[in-house]
Amino acid sequence: MKRTAMVLVMVLLQGFVSSSAMADDKKVKDKTSNSKVPYIAALPFYYLLVEISIHESSHALAIALNPNYEVVKYQPYPHSNPNGSGIVFGSVTARCANQEACADKTGMGVIA
C-alpha cells in the first residue's frame, strides 16, 4: 500500500508540473514570439524529464493497483539495460506477489 501511495503521489506531482508549465504558455509565447529556438532547445529536456516520467509512472501505477503484482524497481530516467542490450529511457520492473493468481496469463499479452 505504501508503494501504491508513493507512485500515486508521483503521478499527481508530475501532472501538476506539466499542467502548470502549459498554463504559462501564453506569457512565454509573447516573450519569444520572434524565435522558436528556446522551444526547440528545451524540448529534449522536457521530454526526458517530464513526459517519460509520466509515462513510466502510469505503468507503475497500473502495476501497483493490481493486487497480484508489485513494483520492484521504478526507474523513470534514462539508464543502461541490466542485460547489457543498450540504453533505455525508463523502466518499471514488476514481480508476481501471489503465484496462484499469476499462473493465469490472461491480460499479460498471452491469448488464452
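My aim in this report is to walk through the structure given alongside it, one point at a time. Being a predicted model, the structure only gives us computed values, none of them experimental.

1. Digging into the pattern of salt bridges
Consideration 1: All told, the structure shown has one salt bridge when counted by the stated rule.
Consideration 2: With its nearest N and O atoms 2.5 Å apart, the salt bridge here joins Glu70 to Arg95. Here Glu70, found in strand β1 (residues 69–75), pairs with Arg95, found in strand β4 (residues 91–96); they are 25 residues apart in sequence, far enough to count as distant.
Consideration 3: We classify Glu70 as partly exposed; its relative accessible area is 30%.

2. A few points about the environment of Ser57
Consideration 1: As for its placement among the helices and strands, Ser57 is situated in helix α3 (residues 37–65).
Consideration 2: Note: C-alpha distance between Ser57 and Val92 (35 residues apart in sequence) is 8.4 Å.
Consideration 3: Within the structure, Ser57 has its side chain in polar contact with the side chain of Tyr74 (distance 2.5 Å).

What counts as what
- Residues numbered from 1 in each chain as written.
- Predicted model: local features only at pLDDT ≥ 70, side-chain atom pairs only at ≥ 80, totals over all residues.
- Heavy atoms only, no water.
- Salt bridge = Lys/Arg side-chain N within 4 Å of Asp/Glu carboxyl O.
- Helix = DSSP H or I, 4+ residues; strand = E, 2+ residues; numbered from the N terminus.
- Buried < 20%, exposed > 50% of the residue type's maximum accessible area, 1.4 Å probe, protein only.
- Polar contact = N/O pair within 3.5 Å; in protein donor to acceptor, adjacent residues only side chain to side chain.

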